[in-house]
Amino acid sequence: MSSSSLKTNLLGLTFQELKLIAIQNDLKPFLAQQIYDWLYKKRVSDFAEMSNISRKNIDFLQNNFYFEPLKIKIKQVDPIDETTKFLFELSDGNLIETVLLAFDYGYSVCVTTQVGCNMGCKFCASGLLKKKRNLEVYEIVGQVYTVQKYLDQIKPGVRVSNVIVMGIGEPFDNFDNLIKFINIINNDYGLQIGARKITVSTCGIVKKIPEWTKLMPQVGLAISLHASNNEIRNNIMPINKAYDINSLIAAAKEYTEITRRRITFEYILLAGVNDSDECAIQLAKLLKNMLCYVNLIPYNPVNENSYQRSKNVSNFANRLSNMGIQVTIRQEKGTNIDAACGQLRANNEKQ
């Protein structure tokens, strides 16, 4: 069945929505549990394989719904660290990126939430192509679903353990679909990816943080900060002109006080821009006494801009640590393929 049909993609429906559909059609609510089990645990390829569902219910599903993995246009595998980057082609021809990352603790999938991005961060490959549209729920879920089916083929019995919403696009700019996506992959009858195994990264749409805090207190929150003051952040991240660094830090503090969850601040080090000792001292003062840590990120240069990788990563980390800030340096992955987020898509859109 084609996604171009008028049928509804099951991958976009929450468990509660499926139960409601069953009730509205005089079917037993238990059908929702059966569907989730076949879709996300057994990962069948066709309704006909759902052997414990009655013929009547199979007919109902076939007439009204479909499900299918996303179409893989390109797959790049780093031969050293197993990082696998997928370029998916959507039903309307748009392209999105998803990354499978191998760690000692398991496999993580980094998902995309939009086709393109309007945040305009100057250093970012994702922003090279402007936002065309938000992804539908089934397109976000489909990334995890398709990568899991890929894992089923190459490593039977191995499952996706972590999800990072850190790909192309600003998740909080597709907020409602993001919330539904998390509810679907977190559901006990489905993929069972624990809330604390999910992290969402935002560049700082401050007005959405209180709602996020209320709805998803157990899901990890990361903030793409990348600057220690408003002047630098204004220059490299246009979002700062709408929500300045002071309002962002205030919202982050409130989040930690309510949830008691440690927040992550992501900080890409750009040579001569935000990597000075003065910046490290400013950053430490900015985050003083907050339940947080800083994840320093070595920069993957992008041909379309002039930013360069900093050589001051270790010294910057030591400065923060000496001032009482917990700090990590992100382990680099995928350096032998199009490593920068959005780079593979941008390169293919230009062809």
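Our subject is the structure listed above.
Quantities reported herein were computed from a predicted structural model and do not represent experimental measurements.

Peer 1: Lay out the packing of helix 4 (residues 137–154) against helix 5 (residues 175–186) with the relevant residues and their values.
Peer 2: Between helix 4 and helix 5, the shortest axis-to-axis distance is 9 Å and the interhelical angle comes to 40 degrees. Comparing the axis directions of helix 4 and helix 5 gives the class oblique. Of the two possible hands of crossing, helix 4 and helix 5 adopt the one that is right-handed. On the side of helix 4, the interface is formed by V137, I140, V141 and V144, while helix 5 contributes N177, K180, F181 and I184. Residue composition of the contact of helix 4 with helix 5, grouped by class: six nonpolar, one polar and one charged.

Peer 1: Talk me through the pattern of salt bridges; I want residue IDs and the actual numbers.
Peer 2: All told, the structure shown has 13 salt bridges when counted by the stated rule. For D152, the salt bridge identified is with R43, shortest N-O distance 2.6 Å. A residue pair is termed long-range when its members are at least 10 positions apart, and D152 in helix 4 and R43 in the loop between helix 2 (30–41) and helix 3 (55–64) qualify at 109 residues. On the accessibility criterion, R43 (18% relative accessible area) is buried.

Peer 1: Residue-level account of the nonpolar core, with values.
Peer 2: If you look at the biggest cluster of nonpolar residues, it comprises 111 residues, and the most contacted ones within it are V163, F181, W212, F265 and L287. Looking at this core element by element, the count peaks at eight residues for helix 4. Every residue in contact with L287, bar those within four places of it in the chain, is listed here: I249, F265, C292, V294 and I325.

Peer 1: Residues and numbers for the sheet that holds strand 10 (residues 198–202), please.
Peer 2: With mixed pairing, 10 strands are arranged side by side in an open sheet as 3-4-5-6-9-10-11-12-13-14. Because the sheet does not close on itself, it has two edges, and the strands there are strand 3 (71–77) and strand 14 (326–329). If you compare each strand with its neighbour and ignore which way they point, the axes differ by 25 degrees on average. Judged from the five bridges that link them, strand 6 (residues 106–111) and strand 9 (residues 160–165) form a sheet pairing that is parallel. Looking at strand 9, one finds that Y107 is bridged to V160.

Peer 1: Give me the lowdown on the side chain of N57, citing residues and values where you can.
Peer 2: By secondary structure assignment, the location of N57 is in helix 3. For N57, a relative accessible area of 13% puts it in the buried group. Apart from residues no more than four positions distant in its own chain, N57 is found in contact with L27 and L31.

Peer 1: Lay out empty space enclosed by the protein with the relevant residues and their values.
Peer 2: Tallied over the entire structure, the rule returns one cavity of 30 Å³ or more. Forming the boundary of the largest cavity are L18, I21, A22, L31, A32, I35, F60, L61 and F65. Where the lining of the largest cavity is concerned, the elements lending two or more residues are helix 1 (15–24), helix 2 and helix 3. Across the lining of the largest cavity, the residue classes tally to nine nonpolar, no polar and no charged.

Peer 1: Which residues make up the environment of N246, and what are the values?
Peer 2: Residue position: N246 is located in helix 8 (residues 245–259). For N246, a relative accessible area of 46% puts it in the partly exposed group. In this structure, the C-alpha to C-alpha distance between N246 and N230, residues 16 residues apart in sequence, is 8.2 Å.

Peer 1: Which residues make up the environment of G157, and what values go with them?
Peer 2: In this structure, G157 sits in the loop between helix 4 and strand 9. For the pair G157 and I223, spaced 66 residues apart in sequence, the C-alpha to C-alpha distance is 33 Å.

Cut-off values and rules
- Residues numbered from 1 in each chain as written.
- Predicted model: local features only at pLDDT ≥ 70, side-chain atom pairs only at ≥ 80, totals over all residues.
- Heavy atoms only, no water.
- Axes fitted to C-alpha atoms, helices over the stretch in contact; angles between N-to-C directions.
- Helix = DSSP H or I, 4+ residues; strand = E, 2+ residues; numbered from the N terminus.
- Parallel < 35°, antiparallel > 145°, perpendicular 65-115°, else oblique.
- Left-handed = near helix turned anticlockwise from the far one by under 90°.
- Contact = heavy atoms within 4.5 Å.
- Nonpolar A, V, L, I, M, F, W, Y, C, P; charged D, E, K, R; others polar.
- Salt bridge = Lys/Arg side-chain N within 4 Å of Asp/Glu carboxyl O.
- Buried < 20%, exposed > 50% of the residue type's maximum accessible area, 1.4 Å probe, protein only.
- Core = buried A, V, L, I, M, F, W, Y, C linked by side-chain atoms within 4.5 Å.
- Pairing = 2+ DSSP bridges.
- 1 Å grid on protein atoms, 1.4 Å probe; cavity = no way out; pocket = protein on both sides within 12 Å on 5 of 7 lines; lining within 4 Å.
- Points joined across faces, edges and corners; volume = space filled by probe spheres on them.

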